Amino acid sequence: MGSRRGNDDIPSVTLGLSGHLAEIAPDEYVDGAYQLVVDGTPQSHVNMANPGELFFEYIQRMGHVIDLIGDPGEPITAVHLGAGALTIPRYVEATRPGSRQQVVEIESDLVEFVRTELPWSKRAQIRVRHGDAREVLGKLPPGLHGTVDLVVIDIFSGARTPAHVTSREFYALAAPLLSPRGVILVNVADGPGSAFAKAQAATLRSVLPHVIAMAEAQVLKGRRFGNFVFVAAPNPIDTDWLPRLLAGGPHPAKVIDGAELDAFANAGSIVTDDTATASPLPERTIFTLKR
């Protein structure tokens, strides 16, 4: 489905699968930067002039973790579930040239829209696989098992994460991909009380033995809606870098691990396919496309 330009000259496309409207709007304050908005929810920010620069705070936190895989600048193998505007794949390519990356996206129209409006480097070794993340996970080549350094799970349909990619069975499909140094990064959006995030922490911990969580302090305390980043791994996560993470911003940031993470996860129930629900819908006023 081709893109169009409205009266305000913002390119947009109605996605054939979900029916959501996707728009790419220029950043009013950063030349060469753009924001992808789907169904009124900002999903990605890309600086075309400097893809190594990350804008959204939760994405910056993901970038901190990615920077600590192996040696600085070393190519990695990555699988991204959910494409958006390919912010993280572009970041990996900019900071770790030569990395092998696969991106899975169910909305083929979205990938083509982004490829047309915000094309990524032709040098990047990025393969796009079209389809449902869970179905594609089950069909990835067996040779990938045990070789992937980074799995990014950032799956949204509009403002919500679909239920079938929140369960223990789903995470059990992703975990075998990881190399000994590999990590899974999961973006979880939740509101006051953090019931959904606590359940996700419990679920991840039931699949992988080492889990930490990062978010703004008020979000972690369950006082307002926001993004959690969970890091899950088969081997211990080196927490010596936590002070550097906090010092490097964004602020106010908090990281929970160990006993604090245990208490957070124990307050939630493990999610199975039978009990899974979509993430909570934020109030529309939280995300607004400004023009």
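Criteria and thresholds
- Each residue is numbered by its place in its chain's sequence as written, counting from 1.
- Local features in this predicted model are restricted to residues whose pLDDT is 70 or higher, and side-chain atom pairs enter the listing and the counts only when it is 80 or higher, whereas totals over whole chains, interfaces and linings include all residues.
- For side-chain calculations, the full set of non-hydrogen atoms in the structure is used, while hydrogens and water are omitted.
- Each residue is assigned to one of three classes by its accessible area relative to the maximum for its type, calculated with a 1.4 Å probe on protein chains only: buried under 20%, partly exposed between the two thresholds, exposed over 50%.
- Comment: elements are numbered from the N terminus, with helices defined as DSSP H or I runs of at least four residues and strands as E runs of at least two.
- At least two bridges found by DSSP between two strands are what make those strands a pair.
- Between Lys or Arg on one side and Asp or Glu on the other, a salt bridge is scored when a side-chain nitrogen of the former is within 4 Å of a carboxyl oxygen of the latter.

Within an unreviewed UniProt entry, the label attached to the chain reads Spermine synthase, and the organism entered is Microterricola viridarii.

(A) Fine view of the pairing of strand E5 (residues 41–47). The buried fraction of E5 amounts to 7 of the 7 residues, a majority that puts the element mostly inside the structure. Where strand E4 (residues 33–38) lies against E5, 6 bridges are found, and the strand directions are antiparallel. What sits directly across from Tyr34, in E5, is Val46. Counting the residues between successive antiparallel strands, the hairpin from E4 to E5 contains 2 residues, one of them, Asp39, with a positive phi of roughly 55 degrees.

(B) Looking closely at helix H2 (residues 87–95). Taken across its 9 residues, H2 has 7 buried, putting it largely inside the fold. Listed as buried for H2 are Thr87, Ile88, Pro89, Arg90, Tyr91, Val92 and Glu93.

(C) Summary view of the pattern of salt bridges. Evaluation of the coordinates by the stated rule reveals 8 salt bridges. The salt bridge involving Glu260 is made with Lys254; its shortest N-O contact spans 3.3 Å. We classify Glu260 as partly exposed; its relative accessible area is 41%. The partly exposed category is assigned to Lys254, whose relative accessible area is 28%. A single network of salt bridges, built from pairs that share partners, joins Glu74, Asp149 and Arg181.

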